[in-house]
Amino acid sequence: MTGPNCKSFALPSACRLWMIVAVMLYVGGVACLAQNGSSTRPETDRLSSEQEKDLKLLMGVLSDTRIDDAKRRDAAGALLSRRWPAADKALSAALGQSTEPTTPRLIAQAIAQADDPPRLLVEPLFALLSHAEPTLRKAAASALARYSDRHVLMRLIRLTQDEKSDQAQRLAAVDALAEQYQARAVGALVTLADPAWPQPIREYAMARLAETTGISEFGYDAAAWRRWWDQVKDLPPQRWLSGMLKSLSRRKAELETDRQRLMEKTTETFNRLYRVTDEKQRPALLIEMLGDPYDPVRLLAMRIVERELINAKPIGPEVRQATRDHLTDANASVRAAPAEVLRDLADEPAAKIVTEQLLGEQDPAVRTAYLSLLARLPQAPAVESVLVLAERQAANGATAAVLVALHEARVLNAQQQARALGYARQLIEAPASKPDESVVRLLGRLAEPSDESALVELMKQGEPAVRRAAAEPFVAGRFAPEPLYAWFGDEVLGGKAIDAAAAHGQSMEMIETLFRHEPGTGELQQSWIGAMVGVAKRLNLQDLERLDAALAGQPADRSALRRAVLNTVLPGEEQPIDSVRRALLLLELAELQLAEGQGESAKALLNRLATVKSMPDEATDRLLALRIRAFLAADDVEEALKLAGQWLGRQPRAQGVVATLLLDAIDKRLADRETDQAAAMIARLQQLVGELTDRELVERLRRAKEKLRQMQSPTATGAEGAPAATVEKTSEAAPPSP
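Not measured: the values here are computed from a predicted model. (Residues numbered from 1 in each chain as written. Predicted model: local features only at pLDDT ≥ 70, side-chain atom pairs only at ≥ 80, totals over all residues. Heavy atoms only, no water.)

What follows deals with the overall build of the chain. Assigned secondary structure in the chain consists of 40 helices and 0 strands. Carbon and sulfur atoms provide 50% of the accessible area of the chain, an area that totals close to 37200 Å². (Helix = DSSP H or I, 4+ residues; strand = E, 2+ residues; numbered from the N terminus. Areas by Shrake-Rupley, 256 points an atom, 1.4 Å probe, with all protein chains shown as cover.)

Written as structure tokens, this is what we have:
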């Protein structure tokens, strides 16, 4: 269906998809252009009591202006579908109510969507074509276009050409013809394009011709429309409708491309505007964008809110409210976006709105977004709605996730838990089912003893996330963990087995198992260390000694694990160290702390160990040596020397150990050029130990003295240096050790 190129003509709006579907149905032979009258409807007005109640209820909803328009329109559609003469009469009377135009408009819109509207409503619809309210005239025209009745068509044609009729009424009749898509209706519109008709009628007819045919290039050129019509008017009905469908499809694609380009440019402009707007003014701009009639602009505003949230920017109450308002947006994509944003904001009022909308939401993506929000913000009022969705098996993964959250929030009563468990079992047991991770997690949370075997089987097969979800009740202790221990070293369940060992393991055999399945570096390695420590907490002291001995023989990189294991032996600050066996393990911990530079922690622990009675002599000597090291590490030299003197007074054979500890401290101070402290400690060493007998220690002392002398000589230290003989004189003049 083509014609000569004339001046450009832009269509006011895209053709409605249902119209195209109607044309396709026509091509398939479902409708007949020459149909005369409507299908047979029941002739009796008699209604049963239940039908009368139904009629009264639906009419009450339809006429109640406090109710949402969509629900009122649905009530009108339900009345039309009943095919009761009494319902048709009630609708006809309601169409005649001119004082309140909303109700007739909603009825007309319902008629425009009806499969077989009753003939009784034609007259009141024609009457509405002259109504003062434009939206009502438009709705009435669309409703009349739904009648493929030849008599209705001819009456519309006569009305468009009736110069005595009101212009608004004639234009409304043009609208009705434009939505018919019949060759006779299109021919009538071409006739109206003739220059003999008034200009408003002519131009409006050509504008609607462009929409009806999908031909935009003829514009307001009446001659071009006439030439085109002469070419196609005699086509067989099948070819006529096929050509119409192709033309409309092409034009629809062109309009969609243009719309996409325009929306991309508009959203980019808004995006740039937001970036250059002062931060204080941005919330006002966001609210304006959220209220924009174009869907892409509202979606952009949602993305900006989400971006600000990611960047830790505050989202004010006004923007939050504007975002909430779109949880019930007419566009499904726009409805889903605020649910996701408000979920991340943990917005409690949004959860209430979503709970109220959940069961009525038909779009799967929006329903899933609603459920995702409720999984983040579980609340008792949502329980029944979510359980109804579960019983309908709608959005199973998202529904199960909400039920898990509701269970963890402890808002499910025993009966509701039983319903949720039954739902999970039904999905798991379904033939050839591929259970969702959240469904398996729900089963694990609510499982009874009879469910253990199913969970064991789920650990063996399926997606990794499903296998891990099946393992969770064994980690949590709902079932004995042994079936999970079979998966140590497994790439998927190894981490869960380690977690179960951390929570429940209590034997050296488990320690040995963990050693055999040590993971590499990373997060799993930390879990493994945690498991070793968790099991160690439940070992007796004898097994802990064995474990510590094994760890002491490991490489140096095991020190962190060894320290963590030994820390499990340490009692609380208010508790005494109750046994020598525990004290000996804590001596190991103190020595490890000193080796790792934790001097203060070691000193505090050693002071506690000093109160333990009946320690073996060897352990007592080791304790004294460690305490001296701790005091020296803390620069508490006097306390260290005091302990050394006490030890030597009781145990002269400790001379070598004491001398070694003090020489280590002297060497450190010399390395730090703390010559005065080094000199004093050398003098005290000689006081305490007297004449050294160990040749190696004698040589170390000689080297320390020589290094001190060199550091104190004028050539090494300048005028501030002191003669080396000072050390010997100090030694001779010093008072005896306490």
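We now examine the nonpolar core. Within the largest apolar cluster, 117 residues are counted, with the highest numbers of intra-cluster contacts made by Leu514, Leu547 and Leu609. Sorting elements by how many residues they give to this core places helix α32 (residues 580–595) first, with 8 residues. When neighbours within four sequence positions are excluded, Leu609 is seen to be in contact with Ile577, Ala583, Leu586, Leu587, Met615 and Leu623. Counting residues in each nonpolar core, the second largest holds 71 residues, with Ala78, Ile111, Ile201 and Trp228 among its members. (Core = buried A, V, L, I, M, F, W, Y, C linked by side-chain atoms within 4.5 Å. Buried < 20%, exposed > 50% of the residue type's maximum accessible area, 1.4 Å probe, protein only. Contact = heavy atoms within 4.5 Å.)

Attention now moves to the confidence of the model for the chain. Of the residues in the chain, 90% reach a pLDDT of 70 or more, and the chain-wide mean stands at 84. Contacts from residues 1–44, a stretch scored under 50 in pLDDT, to residues over four places away or in other chains number 91 contacts. Ignoring residues within four places in sequence, the model shows residues 717–738, a span with pLDDT below 50, making 19 contacts including any to other chains. (pLDDT = per-residue confidence, 0-100.)

Okay, the packing of aromatic side chains next. Given two aromatic rings, one states the distance between the centres and the angle between the planes to describe the pair. Per the stated rule, a full pass over the model turns up 6 aromatic pairs. Pairing Phe474 with Phe479 gives two aromatic rings, centres 5.5 Å apart and planes at 40°, and the pair type is tilted. The interplanar angle of 70° and the centroid separation of 6.0 Å between the aromatic rings of Phe515 and Trp528 together place this pair among those described as edge-to-face. With a gap of 13 residues between them, Phe515 in helix α28 (residues 508–516) and Trp528 in helix α29 (residues 523–537) connect regions that are remote in the sequence. Look at Trp528 and you get buried, because its relative accessible area is 0%. Feature note: the residues Phe218, Trp225, Trp228 and Trp229 constitute an aromatic cluster, connected by ring pairs. (Phe/Tyr/Trp six-rings, centres within 6.5 Å; stacked < 30°, edge-to-face > 60°.)

Within the secondary structure, Arg298 sits in helix α15 (residues 295–310). Side chain to side chain, Arg298 and Asp295 meet in a polar contact 2.6 Å long. At 2.9 Å, the side chain of Arg298 forms a polar contact with the side chain of Asp329. When residues no more than four places from it in sequence are discounted, the contact partners of Arg298 are Met289, Leu290, Asp292, Pro293, His326, Asp329, Asn331 and Val334. (Polar contact = N/O pair within 3.5 Å; in protein donor to acceptor, adjacent residues only side chain to side chain.)

A few words now on the environment of Ala395. Mapping Ala395 onto the fold places it in the loop between α20 (383–392) and α21 (396–408). By relative accessible area, Ala395 is classed as partly exposed at 24%. When the C-alpha positions of Ala395 and Pro364 are compared, they lie 7.2 Å apart, and in sequence the two are 31 residues distant. What Ala395 contacts, discounting residues up to four positions off in sequence, is Arg367, Thr368 and Leu371.

Right, let's get into the packing of α21 against helix α22 (residues 414–429). Between α21 and α22, whose axes approach to 11 Å, the crossing angle comes to 145°. Taken as a pair, α21 and α22 cross one another with a handedness that is left-handed. Packed against α21, whose contacting residues are Asn396, Thr399, Ala400, Leu403 and His407, the element α22 presents Gln417, Ala420, Tyr423 and Leu427 at the interface. Here the residues of the contact of α21 with α22 sort into 5 nonpolar, 4 polar and no charged. (Axes fitted to C-alpha atoms, helices over the stretch in contact; angles between N-to-C directions. Left-handed = near helix turned anticlockwise from the far one by under 90°. Nonpolar A, V, L, I, M, F, W, Y, C, P; charged D, E, K, R; others polar.)

Next up on the list: α29. Note on helix geometry: an α-helix contains 3.6 residues per turn, so any two residues three or four positions apart are oriented the same way. An ideal rise of 1.5 Å per residue puts 21 Å on 15 residues; α29 measures up with 21 Å between its terminal C-alpha atoms. Of the positions making up α29, those classed as buried are Gln525, Trp528, Ala531, Met532, Val533, Gly534, Val535 and Ala536. Where α29 is buried, its residues contact α27 (494–504), α28, α30 (541–552) and α31 (559–567). (Expected span 1.5 Å × (residues − 1).)

On to the pattern of salt bridges. Two side chains that carry opposite charge are able to pair once their charged atoms sit near each other. According to the stated counting rule, one finds 51 salt bridges in the structure shown. Across the salt bridge formed by Arg558 and Glu518, the nearest N and O atoms sit 2.6 Å from each other. Of this pair, Arg558 sits in the loop between α30 and α31 while Glu518 sits in the loop between α28 and α29, and the two are 40 residues apart along the sequence. Using a relative accessible area of 30% as the deciding quantity, one classes Glu518 as partly exposed. The salt bridge partner of Arg702 is Glu699, with a shortest N-O separation of 2.7 Å. Taken together, the residues span about one helical turn, with Arg702 and Glu699 both in helix α38 (residues 695–712) at a distance of 3 residues. On the basis of relative accessibility, which here comes to 30%, the residue Glu699 falls in the partly exposed class. Via salt bridges that share partners, Asp548, Arg562, Glu588, Glu591, Arg622 and Arg629 belong to a single interconnected network. (Salt bridge = Lys/Arg side-chain N within 4 Å of Asp/Glu carboxyl O.)

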